[in-house]
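Survey of secondary and tertiary structure
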Amino acid sequence: MNYKTIFFIIFIFLIGKNAFSEEIKIDSSKIDVLEEGNIIRALNIKANIPNKKIEIEGDSSIYDKKKNQLTIIKNVKFIDNLKNIYLESEKAVYNQSTDILQTFGKTFIRIENKYYVYSSDLFFDRNLQKVSSKKETIIKDQKQNVFNLLDSFIFDVKNEIISAEKTSIIDI
């Protein structure tokens with residue numbers, strides 16, 4: 001056996017199976033590893049989380065291994081291939097432990113090619129399949145219906161239910 005094979009076997013034995021459940025692969029034009037490998041800064045990032053079928057792109061990022069959190073800045077694209085959700089934002093923070101994505105600034109979400117959400121500063125909880133924000137939001141559906149949500153809202157994606165305090169609906 002060569003040294004690489006022995007190192008790989010020892011590495012697998014020491015970290016166990018659970019570490020691979022949270023694996024994140026980062027491709028970048030420039031990567032800086034800081035704080036003994038606990039902070040990874042990257043430019044022109046393409047991140048992949050295979051076990052969750054998530055792809056994330058952006059101009060720059062900071063991955064905090066201790067918090068299990070990836071912050072992406074500028075031209076953020078979040079692709080959830082498991083749930084068929086596409087998101088664009090100015091800035092986003094994805095926490096792998098809670099499976100929650102928080103966006104900052106203008107945000108667009110396409111959900112299963114059925115719903116188109118235009119909002120800002122929102123939360124997407126992948127476990128509960130809920131999108132929420134306290135900002136004014138417009139949701140359009142494939143039937144050309146328009147939901148103007150004037151205050152906070154919760155969109156239960158799984159059950160296709162929108163809850164809001166102030167709403168106007170345009171039914172076409």
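Residues numbered from 1 in each chain as written. Predicted model: local features only at pLDDT ≥ 70, side-chain atom pairs only at ≥ 80, totals over all residues. Heavy atoms only, no water.

**Re the packing of aromatic side chains**
Any aromatic ring pair is given by two values, namely how distant the centres are and how the planes are angled relative to each other. To be explicit about the condition: Side-chain rings of Phe, Tyr and Trp (the six-membered ring for Trp) are treated as a pair once their centres are within 6.5 Å; stacked means planes under 30 degrees apart, edge-to-face means over 60, and tilted covers the remaining angles. Only protein chains enter the accessibility calculation, which uses a 1.4 Å probe. A residue is then buried if its area is under 20% of the maximum for its type, exposed if over 50%, and partly exposed in between. Comment: elements are numbered from the N terminus, with helices defined as DSSP H or I runs of at least four residues and strands as E runs of at least two.
Under the counting rule described, the total for this entry stands at four aromatic pairs. Look at F108 and Y116: their rings are 6.5 Å apart centre to centre, the planes differ by 20 degrees, and that puts the pair in the stacked class. The exposure class of Y116 is partly exposed, given its relative accessible area of 24%. Centre to centre, the rings of Y115 and F155 are 5.1 Å apart; their planes meet at 80 degrees, and the pair counts as edge-to-face. Of this pair, Y115 sits in strand β8 (residues 115-120) while F155 sits in strand β13 (residues 153-156), placing them 40 residues apart in sequence. Residues Y115 and F155 agree in their burial class; the two are buried.

**Comments concerning the confidence of the model for the chain**
Formally: Per-residue confidence from the predictor is reported as pLDDT, a score between 0 and 100. The contact rule is simple, with two residues in contact once any of their heavy atoms fall within 4.5 Å.
Summarising the model, the chain shows a mean pLDDT of 85, and 87% of its residues fall at 70 or more. In this model residues 1-21 is a low-confidence stretch, pLDDT under 50, and it forms six contacts with partners more than four residues away in sequence or in other chains.

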